[in-house]
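Structure assessment
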Amino acid sequence: MSESATIELDDKEAQAFLRGLANRVDAITAHDQKVIGILSSIVYRDVIDHFTQEQGSEGKWKSWSKKYADFMESIGKGGNGILKDTGRLRNAFQPTSVRSTSEGILWFNNAQTAKGFPYAAAHNEGGDQLPQRDFMWLSAQAMESIESAMVKFIEV
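Calculation rules
Residues numbered from 1 in each chain as written. Predicted model: local features only at pLDDT ≥ 70, side-chain atom pairs only at ≥ 80, totals over all residues. Heavy atoms only, no water. Helix = DSSP H or I, 4+ residues; strand = E, 2+ residues; numbered from the N terminus. Contact = heavy atoms within 4.5 Å. Salt bridge = Lys/Arg side-chain N within 4 Å of Asp/Glu carboxyl O. Buried < 20%, exposed > 50% of the residue type's maximum accessible area, 1.4 Å probe, protein only.

In this fold, Phe-135 is placed in the loop between α5 (119-125) and α6 (140-155). Between the C-alpha atoms of Phe-135 and Asn-109, which are 26 residues apart in sequence, the distance is 9.6 Å. If near-sequence neighbours (up to four positions away) are discounted, Phe-135 is found in contact with Val-47, His-50, Phe-51, Trp-61, Leu-83, Leu-89, Asn-109, Gln-112, Ala-120, His-123 and Asn-124.

So this is what it looks like as structure tokens:
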């Protein structure tokens, strides 16, 4: 059960502070561009770290199969990292890859859209031919950074 209360303050400074606080909260719920910018920098850095660390939400990405590793070696790409052959998958995700939806703010990898390339979703979600090597997820550290950034944003 939800309860509410009404509080009146005579102090104009307190009223102005609370109005400002309410406006900042409204900016978050309205997907204000400044809020999206703050969050995008955190989200972008975290997703790119997943490529650098070759790590998914459940731990290290599964290694290449022996057959694929031998193939990569035979074409001179044996030293490449997982999901780093051409860089297209990593580079397709940009800080501006974001849109507002009725459910909130959505970050996406352009490689996984209709104009992207077929193996992007298969890597992130796993499939018949490819093991899951998810990259579009947020770490606990990123979530803490988002929480801290939003508290700072609201506090002004």
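From this point on, the discussion continues.
Tallied over the full model, the rule gives three salt bridges. For Glu-54, the salt bridge is made with Lys-84, and the minimal N-O distance between the two is 3.5 Å. Of this pair, Glu-54 sits in the loop between α2 (33-53) and β1 (55-56) while Lys-84 is found in the loop between α3 (66-74) and α4 (88-91), placing the two residues 30 residues apart along the sequence. For the salt bridge of Lys-77 with Asp-85, the shortest nitrogen-to-oxygen distance reads 2.9 Å. In this structure Lys-77 comes out as partly exposed when scored by relative accessible area, which is 28%.

Unlike most non-glycine residues, Glu-54 shows phi in positive territory, near 50 degrees. A positive phi angle, near 60 degrees, is found at Leu-83, a position not held by glycine. Checked against the element boundaries, Leu-83 lands in the loop between α3 and α4. Looking at Leu-83, the relative accessible area reads 13%, which means it is buried.

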